[in-house]
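Chain residues, written in single-letter form:
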Amino acid sequence: MPARDIAFLIFADCSMLDFTGPLSAFDAANRVSARTLYRITLHSEPGGLIRSSAGAMIQTERIGRATFDTVVVAGGGAPREGLVSEALRRYVLRAASRSRRIAGVCTGAFVLAAAGLLDGKRATTHWRMAAKLQQMHPQVKVDSDRIYCCDGKVWTSAGISAGIDLALALIEEDHGAELAKSVARELVVYHRRPGGQSQFSALQEMDGGSERIRRALSFARTHLHQEVTVDTLADVACLSRRQFDRSFVAETGQTPARAIEQMRAEAARLRIEQSQDSLESIARATGFGDAERMRRSCLRLFGQPPQAMRRLARLEES
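Residues numbered from 1 in each chain as written. Predicted model: local features only at pLDDT ≥ 70, side-chain atom pairs only at ≥ 80, totals over all residues. Heavy atoms only, no water.

Participant: How do you make sense of the side chain of Arg264 when you look at a structure like this?
Facilitator: Within the element layout of this structure, Arg264 appears in helix α11 (residues 256–274). Lacking a salt bridge, the buried Arg264 has Glu227 as its closest oppositely charged neighbour, with an N-O distance of 7.5 Å. Looking at Arg264, its side chain comes within polar contact range of the main-chain oxygen of Leu224, at 2.3 Å. Polar side-chain contacts of Arg264 include one of 3.3 Å to the backbone oxygen of Gln226. Once residues within four sequence positions are removed from consideration, Arg264 is found in contact with Leu224, His225, Gln226, Glu227, Val228, Thr286, Gly287 and Phe288. (Helix = DSSP H or I, 4+ residues; strand = E, 2+ residues; numbered from the N terminus. Buried < 20%, exposed > 50% of the residue type's maximum accessible area, 1.4 Å probe, protein only. Lys, Arg positive; Asp, Glu negative; His and termini not counted. Salt bridge = Lys/Arg side-chain N within 4 Å of Asp/Glu carboxyl O. Polar contact = N/O pair within 3.5 Å; in protein donor to acceptor, adjacent residues only side chain to side chain. Contact = heavy atoms within 4.5 Å.)

Participant: Looking at this structure, how should I read the pattern of salt bridges?
Facilitator: For side chains bearing opposite charge, pairing can occur when the charged atoms are close. This model, assessed by the stated rule, comprises 23 salt bridges. With a shortest N-O distance of 2.7 Å, Arg100 and Asp69 are connected by a salt bridge. One end of the pair, Arg100, is in the loop between α3 (86–98) and β6 (101–105); the other, Asp69, is in the loop between β4 (57–62) and β5 (70–73), with 31 residues separating them in the sequence. Taking relative accessible area as the criterion, Arg100 reaches 35% and is therefore assigned partly exposed. Taking the shortest distance from any N to any O, the salt bridge between Asp151 and Lys121 comes out at 4.0 Å. Pair noted here: Asp151 is in strand β9 (residues 148–151) and Lys121 is in the loop between α4 (108–114) and β7 (122–123), with a separation of 30 residues, a long-range link. A residue is classified by how much of its surface remains accessible, and Lys121, at 23% relative accessible area, is partly exposed. Here the residues in one salt-bridge network are Arg4, Asp69, Arg100, Arg101, Glu173 and Asp174, joined through shared partners.

Participant: Is there a simple way to explain the pairing of strand β3 (residues 48–51) in this structure?
Facilitator: Where a strand is regular, its side chains alternate between the two sheet faces. Alignment of β3 against β4, held across four bridges, turns out to be antiparallel. Each residue of the ladder has a partner; that of Leu49, found in β4, is Gln59. Counting the residues in the hairpin turn of β3 and β4 gives five residues, including Gly55, whose phi is positive at 95°. (Pairing = 2+ DSSP bridges.)

Participant: How should unusual backbone geometry be read in this particular structure?
Facilitator: Glycine aside, residues mostly have negative phi angles, and peptide bonds mostly take the trans form. Non-glycine residue Ala34 carries a positive phi angle of around 60°. Looking at where Ala34 falls in the secondary structure, it is placed in the loop between α1 (16–33) and β2 (38–44). The phi angle at Ile160 is positive, at roughly 55°, despite the residue not being glycine. Structurally, the position occupied by Ile160 is in the loop between β10 (154–157) and α6 (162–175).

Participant: Hey, could you run me through helix α13 (residues 291–302) in this one?
Facilitator: What sets the pattern is the α-helix's 3.6 residues per turn: residues three or four places apart point alike. Look at α13: 15 Å from first C-alpha to last across twelve residues, which is about the 16 Å you get at 1.5 Å a residue. The N-capping residue of α13, defined by a side-chain oxygen 3.0 Å from the backbone nitrogen of Glu292, is Asp290. Positive phi appears at Gly303, one or two residues downstream of α13, with a value of about 80°. (Expected span 1.5 Å × (residues − 1).)

Participant: Any chance you could explain the nonpolar core here in plain terms?
Facilitator: Nonpolar side chains in soluble globular proteins generally cluster together in the buried interior. Counting 30 residues, the largest nonpolar core has Phe8, Phe19, Phe26, Ala29, Tyr38, Ile171 and Val183 as the members making the most contacts within it. Considering each element in turn, this core owes the most residues, seven residues, to α6. Contacts of Val183, omitting those with residues within four sequence positions, involve Ala25, Ala28, Ala29, Leu168 and Ile171. Grouped together as the second largest cluster of nonpolar side chains are 28 residues, Phe11, Val73, Ala113 and Ala115 included. (Core = buried A, V, L, I, M, F, W, Y, C linked by side-chain atoms within 4.5 Å.)

See below:
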């Protein structure tokens, strides 16, 4: 099988790990397999030296008309602010049409969205930027909890280190699970990371842009021990259910039901790790009702059951 050409598109003020993480995964695939499976090049709109957020300078080639198997768009200062030039937008569209697949790491999703490549598609980005992506591009189905997403030929990943998870998935698609596992062992990372972004994001800091959504979020936080429904929050916000659902997703990047579950799970995790209370009493106090519902939610959001979370917390204390 001939080597696949992987092009990384980077921007000024980029986080080094946005591209060096996935780049290292492709490089490790070459070393582990003892073959050149991937040829890697770095590109930018102006070409030449690009300064990262850490101050390191990265040598790049100027974007052109070359064709690649895969184009990986990293994040950076311009993408975070939605500053995508018309020339860059055309380049990304052309690259997507000529490549087998295209991916956005972290705020690289903003570049794909600006080019219209995420319209009607499910996508993710760094949890802190998910609401902004949803607000700027309401036609994108933003999932703020995913480590990475694939919708057709377009891939997106969460922030920074999640680019490694995305690269492992691309390697698995190309060459199978065994090579992807070998690369993960080489990099000393999970082959498939448990849980979603919820285990890293500051859910308690989630906030809406409008007073109505902020009021609903505040009510949810202070009434987690009760049965809080989406209809109840819509009433608190003085909006119809349809208006509330639409406004909530636009301002937070999540559905109301997902946000309630995440707030309950975060509150439960703190009690699990910091108290001696029984799991049943914690489940009731945080609105899950019973320990089994809480267990399923913790598995889905944090990748581990409450008992494992408590054991790990005890080990860290000892």
